[in-house]
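Letter by letter, the chains look like this.
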Amino acid sequence: MNIHPSDLKPETQEARDALDTLRDWAAKASDEEINALDPAVARLLPGQADYPVMSHVYPTGFVSDEAYRATLPDLQNGPASLIRGARAQIQHVGISNFRLPIRFHTRDGGELTLETSVTGSVSLEADKKGINMSRIMRSFYAHSEKCFSFSVIEAALEDYMSDLESLDARIMMRFSYPVKILSLRSGLQGYQYYDIALELVDEGGVRNRYIHLDYVYSSTCPCSLELSEHARRTRNQLATPHSQRSVARIAVQSVPNEDCLWFEDLIDKARAAVPTETQVMVKREDEQAFAELNAANPIFVEDAARLFCEQLQDDPRIGDFRVAASHQESLHSHDAVSVLTQGDTFRASSLDPHFFATLHHAG
Ligand SMILES: Nc1nc2c(ncn2[C@@H]2O[C@H](COP(=O)(O)OP(=O)(O)OP(=O)(O)O)[C@@H](O)[C@H]2O)c(=O)[nH]1
């Protein structure tokens, strides 16, 4: 019978010598080198004998049943003694920017399914360690299949407060909302996308709804227009006023009213305030119209804030509001900015250091 050398069992002394070699190596090896060893080998080292041998193969067939789940550590629901740092209430704790498709009604009776970024958070009492994070998403998912309306989101908010036993809760939904807009003169149409955010906040038992809209427009400087005309008139010198892409972030408190405040209504108000919205489909006749429209509506950044304010302040569907405008001046190496608020909701002596920087819309 042919015996292959690998079939030969090493002599016991050889095995002992190999173990001594391993242990001599281990005595000089670093922890990293020891930890990198195959657990079955590491177990042979002194003091490692009781080290349990663990499988490195993923157990595809393992089922986590209710009884097993009950054995899992649940740190976030642990005793207050686990709290690290100050024993202070946390105003917002949750998950930011989980995304899912949400269906929205349009003002003309249609429906749009849009990618929506959701941020959900709840308050946490000072003596509680943490929240069950997954419930922030699970509560929202339970309602997300229904067509959007603030009342659907209110149902998710109710779940937050009951599932997470929280006093306050907040849901923010951000999406880009397409609206077909007509060109100025050629009759062409194209889609304009509006960055919109909805906030639903329940704080101290008071519930509020907020809508945020970014409106992008061209601002032509009135002073520069006058100076250009002055050069033409007095010196027959051609001159053009500086104009620039500008952004107004309009935030309104949507107050319950039998008449719904549609996204399209807010967009219409913005256009009524500052008609020089950036265009989508532009032929030469449209470009000429745009030049005339800008000449007819020159605005400083102060004018912009007040023009938007004028469109918001007398609408019974709108409570407190804030207009933040940024003109990315083509004359300067900086932006001209303004913030106008009405009511206490958005009044703030401190502004996020990056707030104005977010009022830039790339093409
Ligand atoms: N509270 C909290 N949880 C976190 C954080 N980062 C990750 N998590 C994890 O979020 C995961 C899901 O949390 P839970 O919703 O409590 O999961 P669960 O306990 O199985 O869910 P329930 O069955 O509803 O209790 C946990 O594994 C946490 O470790 C954090 O910063 N805070």
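Residues numbered from 1 in each chain as written. Predicted model: local features only at pLDDT ≥ 70, side-chain atom pairs only at ≥ 80, totals over all residues. Heavy atoms only, no water.

- In the annotation of an unreviewed UniProt entry, the protein is listed under the name GTP cyclohydrolase FolE2 and assigned to Pseudooceanicola sediminis.
- The UniProt entry for the protein carries this comment under Catalytic activity (unreviewed entry): "GTP + H2O = 7,8-dihydroneopterin 3'-triphosphate + formate + H(+)".
- In the Sequence similarities (unreviewed entry) part of its UniProt record, the protein is described as follows: "Belongs to the GTP cyclohydrolase IV family." (UniProt positions renumbered as here; feature names shortened; annotations may be inferred.)

### What about the domain arrangement of the protein?
Move 1: Domain assignment breaks the protein into domain 1 (87–167) and domain 2 (172–362).
Move 2: The C-alpha centroid of domain 2 is placed 29 Å from the C-alpha centroid of domain 1.
Move 3: With 23 residues of domain 1 in contact, the opposing surface of domain 2 contributes 21 residues.
Move 4: Of the roughly 2000 Å² buried where domain 1 meets domain 2, counting both sides, 63% is carbon and sulfur surface.
Move 5: Applying the counting rule to domain 1 against domain 2 returns five salt bridges.
Move 6: Here Asp268 ties to Arg107 by a salt bridge, and the two come within 2.9 Å at their closest N and O atoms.
Move 7: In this assembly, domain 1 and domain 2 are joined by eight residue pairs in polar contact (both at pLDDT 80 or more).
Move 8: Where the side of domain 1 that touches domain 2 is concerned, the elements lending two or more residues are β1 (90–105), β2 (111–124) and α6 (150–163).
Move 9: Taken together, the residues of the side of domain 1 that touches domain 2 sort by class into 12 nonpolar, seven polar and four charged. (Domains from an automatic or database assignment. Contact = heavy atoms within 4.5 Å. Buried area = accessible area lost by both parts, 1.4 Å probe. Salt bridge = Lys/Arg side-chain N within 4 Å of Asp/Glu carboxyl O. Polar contact = N/O pair within 3.5 Å; in protein donor to acceptor, adjacent residues only side chain to side chain. Helix = DSSP H or I, 4+ residues; strand = E, 2+ residues; numbered from the N terminus. Nonpolar A, V, L, I, M, F, W, Y, C, P; charged D, E, K, R; others polar.)

### Some remarks on helix α7 (residues 222–235)
Move 1: Spanning 14 residues, α7 covers 20 Å between terminal C-alpha atoms, matching the ideal 20 Å at 1.5 Å per step.
Move 2: Of all the positions in α7, only Pro222, Ser224, Leu225, Ser228 and Ala231 are classed as buried.
Move 3: Positive phi appears at Asn236, one or two residues downstream of α7, with a value of about 50°. (Expected span 1.5 Å × (residues − 1). Buried < 20%, exposed > 50% of the residue type's maximum accessible area, 1.4 Å probe, protein only.)

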